[in-house]
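Chain by chain, the residues:
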Amino acid sequence: MELIQVEGGFPLSGEVVVEGAKNSALKLMVATLMAPGVNTLTNVPNISDVHTMGTVLECLGAVIDVADEHTLHIDTSCIDSWVTPYELVARMRASTAVLGPLITRFGKAVVAMPGGCNIGARKIDMHLQGLAALGVEFTIDHGNIHAAAPHGLKGATVELEFASVGATENLLMGAVCAEGTTIIDNAAREPEIVDLADMLNDMGAHIEGAGTPSITIEGVSSLHPVAHRVVGDRIEAGTFIAIGGIAGGPLTVKGFDPKHLDIVLRKFEAMGINIEREEDGVHVSRAADTPIQPSDIQTLPFPGFPTDMQAQTMTLLALAAGDSFITENVFENRFMLAAELNRMGADIRIEGHHAIIHGAKGFSGAPVTSPDLRGGAALVMAGLVADGYTKIDGVNHIDRGYEHFVEKLQSLGAHIERHEECPLNLDSFAPRKA
Ligand code: EPZ
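Quick notes on the rules
Residues numbered from 1 in each chain as written. Predicted model: local features only at pLDDT ≥ 70, side-chain atom pairs only at ≥ 80, totals over all residues. Heavy atoms only, no water. Core = buried A, V, L, I, M, F, W, Y, C linked by side-chain atoms within 4.5 Å. Buried < 20%, exposed > 50% of the residue type's maximum accessible area, 1.4 Å probe, protein only. Helix = DSSP H or I, 4+ residues; strand = E, 2+ residues; numbered from the N terminus. Contact = heavy atoms within 4.5 Å. Pairing = 2+ DSSP bridges. Right-handed = clockwise from strand over helix to strand, strands pointing away. Expected span 1.5 Å × (residues − 1). Polar contact = N/O pair within 3.5 Å; in protein donor to acceptor, adjacent residues only side chain to side chain. Salt bridge = Lys/Arg side-chain N within 4 Å of Asp/Glu carboxyl O. Near = heavy atom within 4 Å. Areas by Shrake-Rupley, 256 points an atom, 1.4 Å probe, with all protein chains shown as cover. Phe/Tyr/Trp six-rings, centres within 6.5 Å; stacked < 30°, edge-to-face > 60°. Axes fitted to C-alpha atoms, helices over the stretch in contact; angles between N-to-C directions. Parallel < 35°, antiparallel > 145°, perpendicular 65-115°, else oblique. Left-handed = near helix turned anticlockwise from the far one by under 90°.

**Quick word on the nonpolar core**
By size, the foremost hydrophobic cluster in this structure holds 70 residues, and its most contacted members are Ile 103, Leu 200, Ile 207 and Leu 223. Per element, the largest residue contribution to this core is six residues, and it comes from helix α1 (residues 22–31). Residues within four places of Ile 103 in sequence aside, it is in contact with Lys 108, Ala 109, Leu 131, Val 136, Ala 147, Ala 149 and Leu 153.

**What to know about the pairing of strand β17 (residues 296–299)**
By the alternation rule, side chains of β17 split into Ile 297 and Thr 299, which are all buried, and Asp 296 and Gln 298, of which none is buried. Alignment of β17 against strand β18 (residues 323–328), held across four bridges, turns out to be parallel. By the bridge assignment, Gln 298 is partnered in β18 with Thr 327. Chirality of the crossover, the property in question, places the unit of β17, helix α10 (residues 310–317) and β18 among those that are right-handed.

**Points about helix α8 (residues 234–247)**
Helix length check: α8, at 14 residues, gives a terminal C-alpha distance of 20 Å against a target of 20 Å (1.5 Å per residue), a fit within 8%. With respect to burial, α8 is a largely interior element, 13 of its 14 residues being buried. Looking at where α8 begins, the residue whose side-chain oxygen comes 2.9 Å from the main-chain nitrogen of Ile 235 is Asp 233. Following α8 by one or two positions, Gly 248 adopts a phi angle in the positive range, close to 110 degrees.

**Focus: the pattern of salt bridges**
Considering all chains together, one arrives at 17 salt bridges under this definition. Two residues, Asp 257 and Lys 259, come together in a salt bridge whose shortest N-O distance is 3.2 Å. Across the pair Arg 343 and Glu 340 runs a salt bridge, and its minimum N-O distance is 2.7 Å. With a gap of three residues between them, Arg 343 and Glu 340 both fall in helix α11 (residues 337–343), about one helical turn apart. Owing to a relative accessible area of 46%, Arg 343 belongs among the partly exposed residues under this scheme. Overlapping salt bridges, with partners in common, bring together Glu 2, Asp 399 and Arg 418 in one network.

**Comments concerning the site of the ligand**
In the vicinity of the ligand there are 24 residues, among which Asp 125, Met 126, Ser 164, Asp 308 and Val 330 approach most closely. Side-chain polar atom of Arg 334 to an oxygen atom of the ligand: 3.2 Å apart, as the coordinates give it. Measuring from an oxygen atom of the ligand, one finds a side-chain N or O atom of Arg 374 at 2.8 Å. Within the complex, the protein chains bury 90% of what would otherwise be the 820 Å² of accessible surface of the ligand. Elements with a minimum of two residues in the shell around the ligand: α1, α5 (125–133), α6 (165–175) and α12 (373–384).

**Remarks on α12**
Here α12 spans 17 Å end to end across 12 residues, near enough to the 16 Å set by a 1.5 Å rise per residue. Burial of α12 is extensive: 12 of the 12 residues sit out of reach of the surface. Restricting attention to buried positions, one finds in α12 the residues Leu 373, Arg 374, Gly 375, Gly 376, Ala 377, Ala 378, Leu 379, Val 380, Met 381, Ala 382, Gly 383 and Leu 384. By the N-cap criterion, in which a side-chain oxygen at the helix start approaches the backbone nitrogen of a residue two or three places on, α12 is capped by Asp 372, the distance to Arg 374 being 3.2 Å.

**Some remarks on the packing of aromatic side chains**
Counted under the stated rule, the structure contains three aromatic pairs. On the numbers, 5.3 Å between centres and 55 degrees between planes, the contact of Trp 82 with Phe 106 is tilted. Separated by 24 residues along the polypeptide, Trp 82 in the loop between β5 (71–75) and α3 (86–91) and Phe 106 in helix α4 (residues 99–106) bring together distant segments of the chain. Residue class for Trp 82 comes out partly exposed when judged on its relative accessible area of 27%.

**Observations regarding the packing of α1 against α6**
Axis separation between α1 and α6 bottoms out at 11 Å; the angle between their running directions is 25 degrees. By the criterion of interaxial angle, the relationship of α1 to α6 is roughly parallel. Note on packing geometry: the crossing formed by α1 with α6 is right-handed. Seen from α1, the contacting residues are Asn 23, Lys 27, Val 30 and Ala 31; seen from α6, they are Val 165, Glu 169 and Met 173.

**With respect to the sheet that holds strand β20 (residues 354–358)**
The strand order across the open sheet built from four strands is β17-β18-β20-β19, with neighbouring strands paired in mixed fashion. Two strands close off the open sheet at either side, each with one partner strand: β17 and β19 (348–351). Each strand axis lies, on average, 15 degrees off the axis of its neighbour in the sheet, ignoring direction. Across the sheet, α10 is in contact with β17, β18, β19 and β20; its angle to β18 comes to roughly 170 degrees.

The quantities given are spatial measurements derived from coordinates; they are silent on function.
In structure tokens form, the structure reads like this:
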């Protein structure tokens, strides 16, 4: 089992360049299914979710050439299957994004019902309802969703009951070659949606309004392959900005558009963190004699405060000079980090969708467990300023969304390493023979 071990208390400074956005790259990859030929994606993050998605595409018949660590040439000329491997979809929920593209290409698809995950049920009812409005019929059989559009895909107006990122993306990709006009109302507005729409339009689609609550898609007959650069990862950037805020910095975080993190940066500034914005990044620092100020946070769909920054912000607020409140409005179970931070000396109480955080003087290092991707990164963040050593297991969660996380922190001066931890040898705890 791999562990990350951090010795806290060392100053961090320097520059970090974030990768392409995980939550865009995965959807751009599946969108290539609709554009037969060689599509080139650059600025692709080298993370395990991308590797998993590559395997899904290869199982469908794609040929992927990894030109360098961040460039993929994806040849979808010979895609010959519309059945995704059950275990891969079960492992990575984002694989359900193949639904729209496969139905567009083949008029049918077989995709495993995604399981829930640590942060919630992760249903896809809105995906299915939206695609059904376009003429897709579904049956669920032995854990698989069987989708088919026997009469083809026809444009429709779909109003999402929640601005779901995944549902918006699946609908977008189901509508690009549908007959006529599709309107998605209450659409998600995340920058990753805009990135996907930009690439689809380069492929020949007619999409207007991406990034607004109403997206209009005029169906076209076909799409062609393109080259596209993945938008910078605003959440990886926000994670390093939070690290600069908790450790003091000064840090420079580059490779993303600060406008994609506006409310986070404004909240962090109100918490006493200095942030200087530039075109493609920020400078972040906090003077040692400037305490972190408490704050009230509500997570919401973009442009609201992103749920993917909730864990990192909880860690900052756990050391604030006062009481803070976080309300998690997007996922039903995304406060598991609190119990782990409390083991490090935090004072956080959970009441339903609310976290009540009473600021503590500091963290003390302890063995802790990553509850999920962002919670794992937040525990590393806490370890960087904790007294003593912190051991974080569940490193696989962190590898899903952060490329070279340990190396990047080492380059900033952190005393951090990852190593194999031999499983506990329980014999050594056996009662001594009388
Ligand atoms: C995407 O998940 C991201 N994942 C998540 O990032 C992110 O937290 C989330 O959007 C919100 O921004 C990827 O892009 C791969 P949703 P997604 O559909 O599409 C419920 C990370 O840490 N819902 O906006 O699954 C759902 O259960 C990950 O990088 C339904 O009930 O998010 C959730 O409670 C975590 N029915 C809420 O809506 C549906 O049909 C938001 O889900 C769809 C969603």
